[in-house]
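Given next are the chains, with one letter for each unit.
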Protein chains: 2
Amino acid sequence: MKKLINHPEDVLNEFMRGFSIAHKDLVEYKTDPVHFHRAGGAVQGKVGLISGGGSGHEPLGGGYVGRGMLDAAAPGAFFSSPTPDQILAATQAADGGAGVLHLVLNYTGDILNFEMAAEMAEAEGIEVTSVVIDDDVAVEDSTWTAGRRGVAGAITAMKMTGAATDLGYDLARTTEVCKKINDSMGTMGLALSACTVPTAGKPSFDLADDEIELGIGVHGEPGVKRVKIMPADDITDVLVDAVVKDLKLERGEDVLLFINGLGATPLSEQYILYNHAWDKLDALGVNVTRSQVGNYFTSLEMAGASITIMRLDEELTTLFDAPVHTAGWRAGA
Amino acid sequence: MKKLINHPEDVLNEFMRGFSIAHKDLVEYKTDPVHFHRAGGAVQGKVGLISGGGSGHEPLGGGYVGRGMLDAAAPGAFFSSPTPDQILAATQAADGGAGVLHLVLNYTGDILNFEMAAEMAEAEGIEVTSVVIDDDVAVEDSTWTAGRRGVAGAITAMKMTGAATDLGYDLARTTEVCKKINDSMGTMGLALSACTVPTAGKPSFDLADDEIELGIGVHGEPGVKRVKIMPADDITDVLVDAVVKDLKLERGEDVLLFINGLGATPLSEQYILYNHAWDKLDALGVNVTRSQVGNYFTSLEMAGASITIMRLDEELTTLFDAPVHTAGWRAGA
């Protein structure tokens, strides 16, 4: 294992401490239990928004905490759910008296721990609602989930739902729009290589030199099929077709086109996917009115990418365009 | 070669077209000759700022064109200088009647081609000045340069110099502050693995499974030495010591600490370098008052990173903090 680390078991602590010093204008980092919250704490009277999940999906952790996005986040160990006490602490930190929404990616461990934390928070008098993000159209049920997995679209959902809380939506309306965002999008991805979790010390799966896996999960869970490497346009066809079919997109609709890099895939390759996906949607009469390209939800240094398409209306476009200030959401997005 | 591409010779065209569609609110892409300029064209009465260099150092190309940074950019082929006619076209596109500054990274081919383009622009009545960025403290002269190489610090120089043009600095003062920025910083990096240029089809150099190269150039040019992989803190010590010595940093000074990822190195590892570099500078009595961490200047999917330290005064801090809106500079920086 060749990595810029000290001891494998110190990676997350050192990463999070470094992150919190570099971005102390945006976040505060707490270690007992581990969570991040916005610098300055909860905004009184605003609905709080939190999320959480396994580390390794960078820049999650502290990267999306800040104005216009998350109020707090609970990062678990690598590819492991945060514990209920972490989620409870994030909930408390996000509570400005108007309730807190849990934005949960659909993995069985996460679902259970967020539910426990929600019960604990309710017992303390914090009103909690929950929305489960399950944007991955590749597989129904998987080794890690009942139903579809939550993947890159969750980041866009965090950004847009955070915007709703900033615009003064109450808890019921925030919850409703977050569900609408989830229902409006679909994602499918592929991997060219595995990543190595420092505490595991070896690649999470094996792929032959000429092989890729379509529909793979962000932890290396099995996808739809392994195939020989194909031209990027052919791969893009498979992914876009699957999402368009799932969303039942029709001529004349407006969409967000989001290409997410899994870590080691250069931006040039991500924009090559974008380029052909745009042409395909254009040929279908679908208008790409908003775009997002980059490493928004990685699996460490995995090579690969996913394509997310989200149906947009005026409300969702406004939420996408709203101001945001976090370490991880790009200015130019 | 396992990449998300179609034909190797089409990679740059498809990348740049995709980029220009995704970010059409920020940039315009011209193909004859290839260059990017700000959407809407030059700002009348403002000094123009351009840069350019070989492709593969992402998100360079169009990624730093926009308000508060570059007015235009001329991307060459992978790891190759742009041609004089590309640079001339970028100069013309950036010309708002107040002169144009060429921000040039110190590589022999780039220097020659920017000089030729400057002469051509002057012949057309555009006043041009030039600043050569040579922040890499690792080696004096190299296979690609006379003198020191220009590396990641060039991106910070583009951002800060662009801010100066926005604040109304004239050409002489813009040129002077860009030189001051260059004189105020030093960078040193390392690589854990090579990258593969699509048109070459094979890795640019070989490194053993347990080997890293300190002081390596961003095209794989030889560095200071190859050593066995070390703990991240020991690597950070080597890099920070070299830059601190070069800058003759003293107790009580304020600095920017910038960790740049070369492509495949996860953010968690970059923040581990940041974490220890911050502690080292703190122990020296040097105050890290500004921070920048991420893939600002990659070598495609190379694994590795560099550390840049810049001495800050009030003027430079103001330029770093000024508004910026490009696809590549992060909101949270």
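This structure is a prediction, so every number in the text was calculated from the model and none was measured.

## Regarding the overall build of chain A
Now for step 1: When you go through chain A residue by residue, the secondary structure sums to eight helices and twelve strands.
Now for step 2: For 333 residues, the compact-globule formula gives about 20 Å, and the C-alpha radius of gyration of chain A, at 19 Å, lands near that figure.
Now for step 3: Seen through its C-alpha atoms, chain A measures out along the principal axes to roughly 55 × 50 × 35 Å.
Now for step 4: Relative to its 333 residues, chain A shows a buried fraction of 66%.
Now for step 5: For chain A, restricting intrachain contacts to residue pairs at least 6 apart in sequence, the fraction spanning at least 24 positions comes to 74%.
Now for step 6: When the accessible surface of chain A is totalled, it reaches about 11,200 Å², and 50% of it is carbon and sulfur.
Now for step 7: In chain A, the 25 positive side-chain charges and the 47 negative ones have mean positions that sit 3 Å from each other.

## Side note on the domain arrangement of chain A
Residue and element names in this part refer to chain A.
Now for step 1: For chain A, the domain assignment lists domain 1 (10–183) and domain 2 (185–331).
Now for step 2: Relative to domain 2, the C-alpha centre of domain 1 lies at a distance of 22 Å.
Now for step 3: Contacts between the two partners involve 49 residues from domain 1 and, on the opposite side, 48 residues from domain 2.
Now for step 4: Taking both partners together, domain 1 and domain 2 bury about 4,000 Å²; carbon and sulfur atoms supply 67% of that area.

## A few points about the relation of the copies chain B and chain A
Now for step 1: At an RMSD of 0.0 Å, chain B and chain A line up after a rotation of 180° and a shift of 0.0 Å along the axis. Here the symmetry operator amounts to a two-fold rotation axis.
Now for step 2: Of all interface residues in chain B, 100% are interface residues in chain A too; the two copies therefore contact each other through one and the same surface.

## Considering the sheet that holds strand β2 (residues 34–38) of chain B
Residue and element names in this part refer to chain B.
Now for step 1: Overall, mixed pairing links the six strands, which are arranged β1-β2-β4-β3-β5-β6 in an open sheet. Bordering the open sheet on either side are β1 (27–31) and β6 (128–133), each of which pairs with just one other strand. Each strand axis lies, on average, 20° off the axis of its neighbour in the sheet, ignoring direction.
Now for step 2: Relative to the sheet, helix α1 (residues 11–22) contacts β1, β2, β3 (48–55) and β4 (72–78), its axis offset from that of β1 by approximately 150°.
Now for step 3: Running over the sheet, helix α4 (residues 153–166) touches β2, β3, β5 (100–105) and β6 and is turned about 170° from β5.

## Overview of the pattern of salt bridges
Now for step 1: Applying the stated criterion to the full structure yields 34 salt bridges over all chains.
Now for step 2: For A:Asp237, the salt bridge is made with A:Lys280, and the minimal N-O distance between the two is 3.4 Å. Taken together, the residues A:Asp237 in helix α6 (residues 232–247) and A:Lys280 in helix α7 (residues 267–283) connect sequence positions 43 residues apart.
Now for step 3: Taking the relative accessible area as the measure of exposure, A:Asp237 reaches 23% and is therefore partly exposed.
Now for step 4: For A:Lys280, a relative accessible area of 18% translates into the label buried.
Now for step 5: Here B:Lys180 and B:Asp313 are joined by a salt bridge, their closest N and O atoms 2.7 Å apart. Residue B:Lys180 is found in helix α5 (residues 171–183), and its partner B:Asp313 is found in the loop between β12 (304–312) and α8 (314–321); the two are separated by 133 residues along the sequence.
Now for step 6: B:Asp313 sits in the partly exposed class, given a relative accessible area of 32%.
Now for step 7: Shared partners join several salt bridges into a network, and the residues in it are A:Lys3, A:Glu301 and B:Glu269.

## Comments concerning the packing of α6(A) against α7(A)
Residue and element names in this part refer to chain A.
Now for step 1: The N-to-C vectors of α6 and α7 enclose an angle of 55°; their axes lie 9 Å apart at closest approach. Taken together, the axis directions place α6 and α7 in an arrangement best described as oblique. Judged by the sense of rotation from one axis to the other, the crossing of α6 with α7 is right-handed. Contacts from Ala232, Asp233, Thr236, Asp237, Val240, Asp241 and Val244 of α6 reach α7 at Ile272, Leu273, His276, Ala277, Lys280 and Leu281.

Thresholds, definitions, all that
Residues numbered from 1 in each chain as written. Chains lettered and ligands numbered in written order. Predicted model: local features only at pLDDT ≥ 70, side-chain atom pairs only at ≥ 80, totals over all residues. Heavy atoms only, no water. Helix = DSSP H or I, 4+ residues; strand = E, 2+ residues; numbered from the N terminus. Rg over C-alpha atoms; globule rule 2.2 N^0.38 Å. Buried < 20%, exposed > 50% of the residue type's maximum accessible area, 1.4 Å probe, protein only. Contact = heavy atoms within 4.5 Å. Areas by Shrake-Rupley, 256 points an atom, 1.4 Å probe, with all protein chains shown as cover. Lys, Arg positive; Asp, Glu negative; His and termini not counted. Charge placed at Lys NZ, Arg CZ, Asp CG, Glu CD. Domains from an automatic or database assignment. Buried area = accessible area lost by both parts, 1.4 Å probe. Least-squares fit on C-alpha atoms with pLDDT ≥ 70 in both. Pairing = 2+ DSSP bridges. Axes fitted to C-alpha atoms, helices over the stretch in contact; angles between N-to-C directions. Salt bridge = Lys/Arg side-chain N within 4 Å of Asp/Glu carboxyl O. Parallel < 35°, antiparallel > 145°, perpendicular 65-115°, else oblique. Left-handed = near helix turned anticlockwise from the far one by under 90°.

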